[in-house]
Amino acid sequence: MLEALVCPVTHAGLRYDAAAQELISDAAGLAFPIRDGIPIMLIDEARQTRA
């Protein structure tokens with residue numbers, strides 16, 4: 001299913017971080033949380049991965 005999901009900001013692919021339960025957009029520098037097995041692809045819910 002990961003292949004079907006893209007970053008809502010850049011439309012680039014995402015990578016899965018199993019330890020943090022997040023989908024990472026390296027292109028946007030955002031990490032989207034996965035809660036109860038559901039990816040939360042809202043920009044307001046994402047955390048910055050770069051300073």
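Above this text is the structure in question.
Only a predicted model underlies this, so the values are computations on that prediction, with no experimental measurement involved.

Cut-offs and rules
- Residues numbered from 1 in each chain as written.
- Predicted model: local features only at pLDDT ≥ 70, side-chain atom pairs only at ≥ 80, totals over all residues.
- Heavy atoms only, no water.
- Helix = DSSP H or I, 4+ residues; strand = E, 2+ residues; numbered from the N terminus.
- Rg over C-alpha atoms; globule rule 2.2 N^0.38 Å.
- Buried < 20%, exposed > 50% of the residue type's maximum accessible area, 1.4 Å probe, protein only.
- Contact = heavy atoms within 4.5 Å.
- Areas by Shrake-Rupley, 256 points an atom, 1.4 Å probe, with all protein chains shown as cover.

With that out of the way, let us pick up the overall build of the chain. On a plain count of helices and strands, the chain comes out with 0 helices and 5 strands. Seen in sequence order, the chain has helices and strands lined up from the N terminus as β-β-β-β-β. The C-alpha atoms of the chain give a radius of gyration of 10 Å, which matches the 10 Å a tight globule of 51 residues would have. Each principal axis of the C-alpha distribution contributes one length, and for the chain these read about 25 × 20 × 20 Å. Going through the 51 residues of the chain one by one, you find that 29% of them count as buried. For the chain, contacts bridging at least 24 residues in sequence account for 13% of all contacts bridging at least 6. Accessible surface, the chain as shown: approximately 3,400 Å² in total, 55% of it carbon and sulfur.

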